[in-house]
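# Tertiary structure, described
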Amino acid sequence: MPGLVIRLIILNFLQFAVWGSYLVCLGQYLGPSGLGSDIAWFYSVQGFVSIFMPAIVGIIADKWIPAQKMLGICHLLAAVFMGSAWYYGHTHPTLEFAPFFTLYALSLAFYMPTIALANSTAFKILKSHGRNPVEAFPPIRVLGTVGFIAAMWFVNCAYFHDGAFGFTISESNPMAEYRFQYTDMQLFTCSALGIVLGIFCFTLPKCSLAAKGTERSVADTLGLSAFRLFADRRMAVFFIFSMLLGVALQITNGFATTFISSFKGVAEYATTFGANNSTLLTSLSQISEAACILLIPFFLKRYGIKKVMLIAMAAWVLRFGFFGLGNPGSGLWFFVLSMIVYGVAFDFFNVSGALFVEQETDDRVKSSAQGLFMLMTNGIGASIGTLLAGEVVNAYCAWTEVDGKSYMLGDWQTPWFIFAGYSLVVCVLFALLFKYRHNPPTSAQVREAKAETVEIE
């Protein structure tokens, strides 16, 4: 059994290392390569493909191809398309939107379903070996966040140029500008990890197909059966606010490192550690996320779901507000505080929301309701929010050449305060409109919510 747990830890570590290798630093590569005004599209597409691709892949894994094999196939296809995007970028210093975006989007179309499929595969393997997923999975899943952080650290420090490979965090190193966080090598790293993971998936224990008559329908898998819950006013309010708060989910993934690195174009901050190690600095958000998972049971039991979600919404206000106040010099501590509150903003919303859905819905639509929750937040909300955020950022900032290098300069403070103001309005309206009486969940329910929630980093 220890060997089985180690294999599932490797699965989760690599699953999120693939994602962490480029997710938060892609904008730093797109901008200087000519696609700076299109950054929002690259982050919104993962939400759009998440609306339908997980359902399609899930149905195939239930009916025809065992989950571990389907997981391997998806990772290999995602790696091939990301590798193709890397090759295109490597051979085209100035990117054309259509070919590069198409390859990138196809990679995400096969990667995004693997987040839920990796969970499903782990659950099936644990059950087949007599383990309770509710008890056994959360500690395994935490190693996924560790993998995400490790990949961020790697691309922040690793460089490759003219055959020379090494690591540095010092701006004085002449190779600093060739670190992966700034170049197409972040895509190469993603592709290489994806190939390793894809092959590894085929070595996992076999997962059985669903028995005839037990497969979920397409409507259930998509969460469409749960739309009837909108007839309940309280559930309708909850799902609408889930979408509104989902708007905030991808904003900092899309623009945080681009914003922090933009200070390299300002003489006062050009040589600061923060400005030159934005990916490393941003990884504090994921460290906070891993730590905040441990706080959820206490807060849910003591304050209830409504207050916990209000805490999450207030944390989003602080997340954006601290970015607006900070800088990588004397204001570095604002950035650090922003990273710390991210764990509260992300975890308290996702886990408590999943638990609320679990508690308040009928057994016949629980799975569909969870699907609807993810559709509203990480699908519709995050996609629309990222595109709108892109318009706001582009209205106040633009890619500018400074000493032969390109940075996104302008009035960054205003967009961050706009995002903070939006989150504050959502928080206040939620407090006024959402009615809920606290009924403390059991410890088992909290653990189950943590195990089943699909995280969008």
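Remember, it's a predicted structure, so these values are computed and weren't measured experimentally. (Residues numbered from 1 in each chain as written. Predicted model: local features only at pLDDT ≥ 70, side-chain atom pairs only at ≥ 80, totals over all residues. Heavy atoms only, no water.)

The biggest cluster of nonpolar side chains holds 131 residues, and the ones touching the most others in it are Trp19, Leu30, Phe100, Leu187, Phe239 and Trp416. Tallying contributions element by element places helix 5 (residues 97-128) first for this core, with 16 residues. Non-local contacts of Leu187, meaning those with residues more than four positions away in its chain, are made with Tyr22, Leu26, Tyr29, Met82, Ala85, Trp86 and Phe100. (Core = buried A, V, L, I, M, F, W, Y, C linked by side-chain atoms within 4.5 Å. Buried < 20%, exposed > 50% of the residue type's maximum accessible area, 1.4 Å probe, protein only. Helix = DSSP H or I, 4+ residues; strand = E, 2+ residues; numbered from the N terminus. Contact = heavy atoms within 4.5 Å.)

All chains considered together, the criterion is met by one salt bridge. Residues Lys405 and Glu177 are paired through a salt bridge, measuring 3.9 Å at the closest nitrogen-oxygen approach. With Lys405 in strand 4 (residues 405-410) and Glu177 in the loop between strand 2 (164-167) and helix 7 (185-201), this pair connects stretches of sequence that are 228 residues apart. Given the relative accessible area of 29%, Lys405 is considered partly exposed. Residue Glu177 is classed as partly exposed on the basis of its relative accessible area, which comes to 39%. (Salt bridge = Lys/Arg side-chain N within 4 Å of Asp/Glu carboxyl O.)

Strand direction decides the pairing type here: strand 1 (residues 158-161) and strand 2, joined by four bridges, are antiparallel. In the strand pairing of strand 2, His161 is matched with Ala164. Between strand 1 and strand 2, which pair antiparallel and follow one another directly, the connecting turn spans two residues, one of which, Asp162, has a positive phi of 50 degrees. (Pairing = 2+ DSSP bridges.)

On to the packing of helix 3 (residues 39-63) against helix 10 (residues 251-261), then. In helix packing, the relevant descriptors are the interaxial angle and the interaxial distance, both defined with respect to the helix axes. In contact at an axis separation of 9 Å, helix 3 and helix 10 are set at 145 degrees when each is read in the N-to-C sense. Here Ile39, Ala40 and Tyr43 of helix 3 lie close against helix 10, whose contacting residues are Asn253, Gly254, Phe255 and Thr258. (Axes fitted to C-alpha atoms, helices over the stretch in contact; angles between N-to-C directions.)

This paragraph deals with unusual backbone geometry. In this model, Asp162 sits at a positive phi of 50 degrees, which is unusual for a non-glycine residue. If you trace the backbone, Asp162 turns up in the loop between strand 1 and strand 2. The class of Asp162 is exposed, set by a relative accessible area of 70%. A positive phi angle is found at Asp403, which is not glycine, with a value near 55 degrees. If you trace the backbone, Asp403 turns up in the loop between strand 3 (397-402) and strand 4.

Considering only enclosed or pocket space, the second largest pocket measures out at about 750 Å³ in volume. If you list the elements that add at least two residues to the lining of the second largest pocket, you get helix 2 (26-35), helix 4 (67-91), strand 1, helix 10 and strand 4. Among the residues forming the lining of the second largest pocket, the class breakdown is ten nonpolar, eleven polar and five charged. (1 Å grid on protein atoms, 1.4 Å probe; cavity = no way out; pocket = protein on both sides within 12 Å on 5 of 7 lines; lining within 4 Å. Points joined across faces, edges and corners; volume = space filled by probe spheres on them. Nonpolar A, V, L, I, M, F, W, Y, C, P; charged D, E, K, R; others polar.)

Further remarks concern a nonpolar patch on the surface. Residues Leu424, Val425, Val428, Leu429, Leu432 and Leu433 make up a contiguous nonpolar surface patch of about 500 Å² in total accessible area. Among the structural elements, Leu424 can be located in helix 16 (residues 413-433). (Patch = residues over 30% accessible without salt bridge, like charges linked within 9 Å, V, L, I, M, F, W, Y side chains within 5 Å. Areas by Shrake-Rupley, 256 points an atom, 1.4 Å probe, with all protein chains shown as cover.)

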